[in-house]
Every structure is written in structure tokens, then in C-alpha cells.
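What follows is the residue order along each chain.
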Amino acid sequence: MQTLMRVDIDQRRCCGYRLCVEVAPNVFQINSAGKAFVVPDQIPAECQEDARAAAKECPSAAIHVSADEGVPK
Amino acid sequence: MAAVHAAETLRLEGFCGRVLLISEENRLPYDRPPLSKALLTGDMTFDGCLLRPASWYDEYGIDLMLGVRVQSLDPHTSRLRLGTGAEIRFDRALIATGARPQTLGGLANSSDTVLALRTADDAEKIRAALVPGTHLAVIGGGFIGAELASSATALGCEVTMFEATAAPMAAVLGERIAHSLVSLYRANGIRVLTGTPVRELNTGPRGVEITSADRRTWRADAVVVSAGAVPNVELASAAGLRVSDGIEVDETAATSAPHIFAAGDVANRPETRFGGRVRIEHWQNAQNQGASAARAMIGQRAPFGEVPWFWTDQFGLNMQVTGFPHRADRVVERGSIEEGRFAAYYLSGRSLVAALGVGRAGEVHLARRLIAEKAEVACEALADTGLRAAVLYAAEA
């Protein structure tokens, strides 16, 4: 069974460094305010490693990755 | 920005006393970066720009006084006098009065057609002027001028940019990059008039007549003057605090009166790594210096000397700049701005002092760390292989 991943961005912490977009372009994009947001509803298995790396790289520690306990849509 | 972050930090650090936030603007504190971009183009509303929702101030026990001007501050009696005539006693004060747009010598910029951008009210006035087909003149080719020009063209306006020097920001960013920026603006449909200092603006029924120093004239429907900012030091100056280009503070944001602090665009701090003093007009500096000042106010004094960093969005490109470009003795470039992959490394000897990147967020961030460490890089490798490899080479040498 595929593990589901939950990715949250603390908008107040995000400074718009864009490292997450470089590390995981399929997961993160930048909105019109210059802040990051998560694109896919569910993080595909092949992107999960990149999403974790982006969370680790984020200079303002604004990205939180956890296991999604919710029921898959 | 600095004030909200300071207030928040006071609470997060456990300060239980009264926190009063006084602002002359009659609006909840808001984020300024969108004012020249998403707020103008309509991609964001003002509510989306609020730093914190109204309920946050109650939740954090922060008393807001909006639309109230602080008339004077007496460091000896520790009292503020408000525009309303009321007096307030304080134990510690933080001055975060920011900056205001530089006006061109003798040119008033306060009509419906001659505008300047600093506040949300300004942005709303500019937005109202930017109807499709409008001919807008932007006076000043700096980053804010470029963002305004970019937003105005996106709205279907015709834009002419007046730049006093041969290329905008050449004294800071270097000649080559300044010329690349002019090319970028032109490629995006902006008419750029370099070496054209504006001498007069005359408003009339048919818009604004713009006259250059050499007596040439142009006509525009509206003008935005974007010629830099001047720090709002008057309150501090009248209080007898030490003021030069900004309010002089030490590395813990304390002014010459040790119980009064200053942070953000208005503060002029010592630059501990490279010497001299700096006044930084960036969003992140306002946040972090505000937080640092708050800690110092409650006795947790720690030096603040963050390497400057900011981003600008224009013509579909995100550009990030870190460090002190004016300290460089040479610049190494890699890639091209127009292709969206570009880096400029600013060097003083073998040390990196600044970097500018387009589509190179990781490199800019690495550069910022190297600048903080005053690390040496293998300059000869930079143009071909970029910063990561140049750091490795330098380590091996």
C-alpha cells in the first residue's frame, strides 16, 4: 500500500526563497504574493523524497511533512 | 512590518507587560511587497496583504492605535506625545517609522496624475490610474520602478521609463548587469529613456508634461515617481537621538538612548563583517531586525548582522539579490537574464560579497551563507561551473 504524505506550508514563515520550487517543482509553486504553496492534492510516491528534501532545505523552516492519516480521496 | 514582528516576538518570548502599537496609517499593518505587483494587477486584494488578521492583535494582547501620529518622543521623561494631545509613558520604545518616497527636486507628487508608491492608499491611487491604454511614465529605473512598469504593461498600459543615469543601478550592480536590465525592460515593451534626468512635471487637463534637464518634453496620462526612499527620521531627530542616513543603532538595534530602539528601513546599523554602517530597505531585514530589537528590549541582547537578501518579480522573472554588491571589485556572470537562468557573483579579491540570481534560488542562498562566512571561492571556476563547484575548488586549493 502506498504511504500518503501530507505537506503543509506556514505562510507566515515563508519568505519566498524558492528553494522548494527548485528541489521539488512538481510539489511546490509560488503564488502571486511570492509565497510557496503545495500543488498536488496528494503527493505522488515519486515526489515524496523531493518534498522531504525541500522541507529540509527551506531556510525559514516553513514546510512540514508528515504522514497523512486521512482517508484517501 | 518591523513593529508587528517586534510585538509578536515580545509575546513569544514571554513578555507579559503592555504592548502598544501606534501607526499613523489608518489600516491594519500590511505587507508591502504586493503593492507594486499583485495588488496593482488585481491578483491580490488588500485583505490578502494583511500581516495578521484583526483577531490576532486581541489574541496576542497587542493594543492597536491606528490613524494616530506620534508627535514627539522625550527620551528623558520616557513619554510620547500623540497627535491627539494625549501623553503616554513607556519603559521601552521601538521606532519603526520606515521611509517615504524620495521626491524629485522641486516636484510635488501629490496630485491625481503625479503619484508615488509607499502605502496601500498610494497603490490604490496608482491602480485607479492604470486603465488599459493609459500612457504611464515611471520616473526611476530601480527595482520598484521596474515592478511598477511590469505591472502596468500587464494591465495593458503603455510605459515610458525615465532613468537619470546611463543605466539603472549601475553604481551598485555594475555596468554590464545594469545594461542587461535595460535590455530586459525593452524586450518587454517598455520605452526606456536612459541618461534622461527629469527636471519638471506640469499637470494639466491633458495629463502631465514631463520636461528633462536638456529641455525635451513628453506627455503622459499619469506619472509615478520611483526615485528611491528617504528614512523618516524626524521623530528621532527631534528627540535628540543620533541620526545620519537613518537612525543610528548599535548591533542590538538600540539607539543613542539605550531604552529606545529602531528597526527596519529607518535604522542604520553597523555592518560587523565588512565595516561601515548600512541602512537596509528590505522586507526580511524589517522582520528580523524588528524581532531582534524586541529581544533586546527585554534584555536578550544579541547582535543582528544578517546578510541582506531580497527578491523582485518583474516581467515574469524572479530575481534575488543578496549581500553588498557595491563592495565588489569585479563581477563574474553566468547564463543570461532573458533566458531565465542567470547568476552574477560579486567578488572582492577572492571573497564573495554579493550575488544576483534569476532562476537560481539555491545558488543565491548558498552565496548568502558564503558571504556571512566571508568564504573564499575559486573565481576562475565561477563562470563555467557556478558557485557550488567554485566552493569545492577553493576548499581543495
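Residues numbered from 1 in each chain as written. Chains lettered and ligands numbered in written order. Predicted model: local features only at pLDDT ≥ 70, side-chain atom pairs only at ≥ 80, totals over all residues.

## A closer look at the overall build of chain B
Cut-off, in case you're wondering: Secondary structure is summarised from DSSP: a helix means a run of H or I of at least four residues, a strand means a run of E of at least two, and numbering begins at the N terminus for each. The quantity called the radius of gyration is restricted to C-alpha atoms. Its globule counterpart is 2.2 Å times the number of residues to the power 0.38. As a rule, residues whose C-beta atom has 12 or fewer other C-beta atoms within 10 Å are exposed, those with 20 or more are buried, and those in between are partly exposed; C-beta atoms are placed from the backbone. Think of it this way: build a C-beta for each residue from its backbone, and any pair within 7 Å is a contact.
Along chain B, the regular secondary structure elements total 12 helices and 26 strands. Relative to the globule expectation of 21 Å for 397 residues, the C-alpha radius of gyration of chain B, 22 Å, shows essentially globular dimensions. Overall size of chain B, expressed as C-alpha extent along the three principal axes, is 70 × 55 × 35 Å. In chain B, which comprises 397 residues, the share counted as buried stands at 43%. Within chain B, contacts between residues separated by at least 24 positions form 56% of all contacts whose residues are at least 6 apart in sequence.

## With respect to the overall build of chain A
Within chain A one finds 2 helices and 4 strands. Helices and strands appear in chain A in the N-to-C order β-α-β-β-α-β. What you see for chain A is a C-alpha radius of gyration of 12 Å, in line with the 11 Å of a compact globule of 73 residues. C-alpha atoms of chain A, sized along the principal axes, occupy 35 × 20 × 20 Å. Sequence-distant contacts in chain A: of pairs separated by 6 or more residues, those separated by 24 or more amount to 61%.

## Things to note about the interface of chain A and chain B
So the rule is basically this: Charged residues are taken to be Asp, Glu, Lys and Arg, nonpolar residues to be Ala, Val, Leu, Ile, Met, Phe, Trp, Tyr, Cys and Pro, and polar residues to be all remaining types, Gly included.
Counting residues at the interface gives 10 residues for chain A and 13 residues for chain B. Looking at the side of chain A that touches chain B residue by residue, the classes come out as 5 nonpolar, 3 polar and 2 charged.

## Focus: the confidence of the model for chain B
Low pLDDT means the predicted coordinates in that region are not meant to be read closely. Note the cut-off: Values of pLDDT, which run from 0 to 100, indicate the predictor's confidence residue by residue.
The predicted model of chain B averages 94 in pLDDT, with 98% of residues at 70 or higher. In the predicted complex, the global pTM is 0.94; the interface-specific ipTM is 0.89.

## Thoughts on helix H10 (residues 283-297) of chain B
Formally: The length a helix should cover is 1.5 Å for every residue beyond the first.
End to end, H10(B) covers 21 Å across 15 residues, agreeing with the expected 21 Å (1.5 Å per residue, within 8%). In terms of burial, H10(B) is largely enclosed, as 13 of its 15 residues are buried.

## Section: unusual backbone geometry
All names here are of chain B. A positive phi angle, near 50 degrees, is found at Phe315, a position not held by glycine. Note that Phe315 resides in the loop between strand S22 (309-314) and strand S23 (317-323). Residue Phe315 is classed as partly exposed on the basis of its C-beta count, with 19 C-beta atoms lying within 10 Å. Look at Lys374: it is not a glycine, yet its phi comes out positive at around 50 degrees. Within the element layout of this structure, Lys374 appears in the loop between helix H11 (361-373) and helix H12 (379-396).

## Things to note about the environment of Ser237(B)
Residue and element names in this part refer to chain B. Mapped onto the fold, Ser237 is located in helix H9 (residues 234-238). Residue Ser237 is classed as exposed on the basis of its 12 C-beta neighbours within 10 Å. For the pair Ser237 and Asp214, spaced 23 residues apart in the sequence, the C-alpha separation amounts to 37 Å.

## Things to note about the environment of Gln300(B)
All names here are of chain B. Here Gln300 lies in the loop between H10 and S22. Residues Gln300 and Thr252 lie 48 residues apart in sequence; the distance between their C-alpha atoms is 9.2 Å. If we ignore the near neighbours within four places in the chain, the residues touching Gln300 are Glu13 and Arg295.

## Section: the sheet that holds strand S26 (residues 351-358) of chain B
Residue and element names in this part refer to chain B. As a reminder, the rule being used: Pairs of strands are assigned from DSSP output, requiring at least two bridges between the strands. Geometry is summarised by axes, namely lines fitted to C-alpha atoms with helices restricted to the contacting stretch, and by angles between N-to-C directions that run from 0 to 180 degrees.
Here we have 5 strands laid out as an open sheet, ordered S22-S23-S26-S25-S24, and antiparallel in their pairing. Taken across any chain shown, the strands that pair with only one partner, and hence form the sheet edges, are S22 and strand S24 (330-336). Here the strands of the sheet are splayed against their neighbours by 15 degrees on average, with no regard to which way each runs. Pairing between S22 and S23: 6 bridges, direction antiparallel. The partner of Thr312 across the bridge, within S23, is Met319. Contacts from H12 reach S24 and strand S25 (341-348), with the element oriented near 20 degrees to S24.

## Details of the packing of H11(B) against H12(B)
To describe two helices that pack against each other, one gives the angle between their axes and the distance between the axes. Residues and elements named next belong to chain B. For clarity, the threshold we go by: Here a crossing is called left-handed whenever its near helix is offset anticlockwise from the far helix by less than a right angle, and right-handed whenever the offset is clockwise.
Between H11 and H12, whose axes approach to 9 Å, the crossing angle comes to 35 degrees. With respect to the hand of their crossing, H11 and H12 are arranged in left-handed fashion. Contacts from Glu363, Leu366, Ala367 and Leu370 of H11 reach H12 at Gly386, Leu387, Arg388 and Val391. Grouping the constituent residues of the contact of H11 with H12 by class yields 5 nonpolar, 1 polar and 2 charged.

## Topic: the pairing of strand S12 (residues 198-204) of chain B
Pairing of S12(B) with strand S13 (residues 207-212) of chain B involves 6 bridges; the strand directions are antiparallel. The partner of Leu201(B) across the bridge, within S13(B), is Ile210(B).

## Things to note about the sheet that holds strand S17 (residues 243-244) of chain B
Residues and elements named next belong to chain B. Taken in spatial order, the 4 strands make up an open sheet running S17-S18-S20-S21, and their pairing is mixed. Looking at the sheet topology across the chains shown, the edges are occupied by S17 and strand S21 (277-278). Pairing between strand S20 (residues 267-270) and S21: 2 bridges, direction antiparallel. Counted as the bridge partner of Arg269 is Val278 from S21.

## Digging into the nonpolar core
We apply this condition: The nonpolar core is taken to be a set of buried Ala, Val, Leu, Ile, Met, Phe, Trp, Tyr and Cys residues joined by way of C-beta atoms within 7 Å.
Counting 100 residues, the largest nonpolar core has Ala54(A) and Val223(B) as the members making the most contacts within it. Setting aside chain neighbours within four positions, we find Val223(B) in contact with Thr113(B), Val114(B), Leu115(B), Ala137(B), Ile139(B), Leu201(B), Val208(B) and Ile210(B). Among the nonpolar cores identified, the runner-up in size contains 36 residues, and Met1(B), Ala2(B), Ala291(B) and Ala296(B) belong to it.

## Considering the environment of Ser226(B)
With respect to the helices and strands, Ser226(B) occurs in the loop between strand S15 (222-225) and strand S16 (229-231). Ser226(B) has contacts with Leu117(B), Val138(B), Ile139(B), Gly140(B), Gly142(B), Ile144(B), Gly145(B) and Leu148(B), leaving out every residue within four places of it along the chain.

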